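If you want the building blocks of each chain, they are given just below.
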Amino acid sequence: MTLPRTATTFAPPVMEARRWLDGVVFPADRPLINVSQAAPVDPPPQALRQAMADFALTEDSAHLYGPVLGNPDLRAELADQISRHYGGTVRPEQVAITSGCNQAFAAAISAITGEGDEVMLPTPWYFNHKMWLDMAGVRAVPLATGPGLLPDVDAARALITPRTRAIALVTPNNPGGVEYPADLVGAFYDLAVEHGLRLMVDETYRDFDSRSGAPHDLFTRPDWDQTLVHLYSFSKAYRLTGHRVGALASDTALLAEIEKFLDTVAICPGQIGQHAALWGMQNLGQWVAGERDEILDRRTAIEDGMPALEAKGWKLLGLGAYFAYVEHPFDISSDELAKRLVSEAGVLLLPGTMFMPEGDPAGARQLRIAFANLDRAGIGQLFDRLSTVRI
């Protein structure tokens, strides 16, 4: 009997890791340090919460179906902000709003691929991308990264087959944290054009990029929408994780196909979340800049604390946005180590095996630290605990 696709797909990693906490008691003077999930734990700022409450109370549309591809005012605002940020031209009809960025990826893959097609993912990969490809009957082709966790264009070219339909990049990267240089992203775009592929660029963490200005020039390329599928999320910038508001930008013909997927899955994005995203873009620019400064300071705290860990044999492989990706010094696999760190160090993080192809030896040496919810003191406590681990 053929197994359903979900039965042949691995369990959601963050949910699996949470189960490691069952039965473990953390003393009051040594509480759990949870660096397993890349999401803000604080709610949106008070002004945004008030705007959402007012909208829910005073606008009937807050509780009704809306357009499948999202509300026109939000699509227009995002198109304008993308155009200004990247120095290109994006029209509202080239933008769609989705119920989170994961849905944007799933919808785009459904519109781009058929049964047995292939999509290339640099490794370590974002596990939800791999999970969706598995459930969609699409083969995920791992593209091993080199020094600095950066993918190589020539290596990617060698993996292209007649079934290849897209290459998916995440920058700033999850799980590695690294920011892909503009010329590297451009080279992948050129490769996609050369072979008639789609280049999917997930920039969920764009608002926390350490660089100033546009991180790439893809939106300035002629006919960019025939190649680029740009993915974005409002969850991190405005702390709207529970409201599920994401977006994608591409050509109108592809969006017409994507609309079929979205209509059958959710009908439309939630109205309150869309209102919050629009209000945030129009009113919280300075606040988001402050959030970015805070995240960049925590990134600096990771850099400052790494020498103490490096003296114990640890190695920093990648750093940026919400993530530090590290190599551990122990003679056990990272999945076993991650479980033991819960009880032995009071730390919950994710092993590299969750971000790599099964059996890849690199994953057994790697760990992801999602540090966005730790201040400098919390990062110091994390490093103190990791540096005293004895395996």
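What counts and how
Residues numbered from 1 in each chain as written. Predicted model: local features only at pLDDT ≥ 70, side-chain atom pairs only at ≥ 80, totals over all residues. Heavy atoms only, no water. UniProt positions renumbered as here; feature names shortened; annotations may be inferred. Helix = DSSP H or I, 4+ residues; strand = E, 2+ residues; numbered from the N terminus. Rg over C-alpha atoms; globule rule 2.2 N^0.38 Å. Buried < 20%, exposed > 50% of the residue type's maximum accessible area, 1.4 Å probe, protein only. Contact = heavy atoms within 4.5 Å. Areas by Shrake-Rupley, 256 points an atom, 1.4 Å probe, with all protein chains shown as cover. Axes fitted to C-alpha atoms, helices over the stretch in contact; angles between N-to-C directions. Parallel < 35°, antiparallel > 145°, perpendicular 65-115°, else oblique. Left-handed = near helix turned anticlockwise from the far one by under 90°. Pairing = 2+ DSSP bridges. 1 Å grid on protein atoms, 1.4 Å probe; cavity = no way out; pocket = protein on both sides within 12 Å on 5 of 7 lines; lining within 4 Å. Points joined across faces, edges and corners; volume = space filled by probe spheres on them. Nonpolar A, V, L, I, M, F, W, Y, C, P; charged D, E, K, R; others polar. Expected span 1.5 Å × (residues − 1). Polar contact = N/O pair within 3.5 Å; in protein donor to acceptor, adjacent residues only side chain to side chain.

The protein chain goes by aspartate transaminase in an unreviewed UniProt entry, where it is assigned to Ruegeria marisflavi. Recorded in UniProt under Sequence similarities (unreviewed entry), the annotation for the protein chain is "Belongs to the class-I pyridoxal-phosphate-dependent aminotransferase family." Checking UniProt for the protein chain, the heading Catalytic activity (unreviewed entry) contains the comment "L-aspartate + 2-oxoglutarate = oxaloacetate + L-glutamate".

Participant: Help me get a handle on the overall build of the protein chain, residues and values and all.
Facilitator: If you tally the helices and strands in the protein chain, you get twelve helices and 13 strands. For 391 residues, the compact-globule estimate of 2.2 N^0.38 gives 21 Å, and the protein chain sits close to it at 21 Å. Overall, the C-alpha framework of the protein chain stretches about 55 × 55 × 50 Å when taken along its three principal axes. For the protein chain, the residues scored as buried account for 54% of the 391 residues in total. Within the protein chain, contacts between residues at least 6 apart in sequence are counted, and of these 75% link residues at least 24 apart. Here the protein chain has roughly 16200 Å² of accessible surface; of this, 51% comes from carbon and sulfur atoms.

Participant: Could you give me a rundown of the packing of helix H2 (residues 46-58) against helix H9 (residues 271-283), with the residues and numbers involved?
Facilitator: H9 packs onto H2 with a crossing angle of 135 degrees between their chain directions and a minimal axis gap of 9 Å. By the angle between their directions, the pair H2 and H9 is classed as oblique. Pair H2 / H9 crosses with right-handed handedness. Taking contact as the criterion, the partners of Ala47, Leu48, Ala51, Met52, Phe55 and Ala56 in H2 are, on H9, Gln271, Ile272, His275, Ala276, Trp279 and Gly280.

Participant: Give me the sheet that holds strand E2 (residues 95-98): which residues, what numbers.
Facilitator: Strand order across the open sheet formed by seven strands is E2-E8-E7-E6-E5-E3-E4, with mixed pairing between neighbours. At either end of the open sheet lies a strand with only one pairing partner, and these are E2 and strand E4 (139-144). The average undirected angle you get between the axes of adjacent strands in this sheet is 25 degrees. Note: strand E7 (residues 228-233) against strand E8 (residues 246-249), four bridges, orientation antiparallel. The residue bridging Leu231 from the neighbouring strand is Leu248, located in E8. Strands in contact with helix H3 (residues 72-86) are E2, E7 and E8; relative to E2, the strand with the most contacts, it is inclined by about 120 degrees.

Participant: Tell me about empty space enclosed by the protein, residues and numbers included.
Facilitator: Taken as a whole, this structure holds one cavity of 30 Å³ or more when the rule is applied. Volume-wise, the largest cavity comes out at about 60 Å³. As for the largest cavity, its lining consists of Leu121, Pro122, Pro124, Trp125, Tyr126, His129, Ala168, Leu169, Val170, Asn173, Asn174 and Tyr180. For the lining of the largest cavity, the leading source of residues is strand E5 (residues 164-170), giving three residues. Grouping the constituent residues of the lining of the largest cavity by class yields nine nonpolar, three polar and no charged.

Participant: Just give me the short version of helix H12 (residues 376-387), but keep the residues and values in it.
Facilitator: Given a rise of 1.5 Å per residue, twelve residues ought to cover 16 Å, and the 16 Å separating the end C-alpha atoms of H12 matches this to within 8%. Along H12, the residues classified as buried are Gly378, Ile379, Leu382, Phe383, Arg385, Leu386 and Ser387. The elements touched by buried residues of H12 are strand E1 (33-34), helix H10 (285-310), helix H11 (334-345), strand E11 (347-348) and strand E13 (366-370). Sitting at the amino-terminal end of H12 is Asp375, which places a side-chain oxygen 3.2 Å from the backbone nitrogen of Ala377.

Participant: Describe the sheet that holds strand E9 (residues 315-320), and please don't skip the residues or the numbers.
Facilitator: Taken in spatial order, the four strands of this open sheet run E9-E10-E13-E12, and their pairing is antiparallel. The two strands at the open ends of the sheet, each matched to only one other strand, are E9 and strand E12 (350-351). Note: strand E10 (residues 323-327) against E13, five bridges, orientation antiparallel. Its bridge partner lying in E13, Val326 is registered against Leu367. Packing against the sheet, H11 makes contact with E12 and E13, and its axis sits at approximately 45 degrees to E13.

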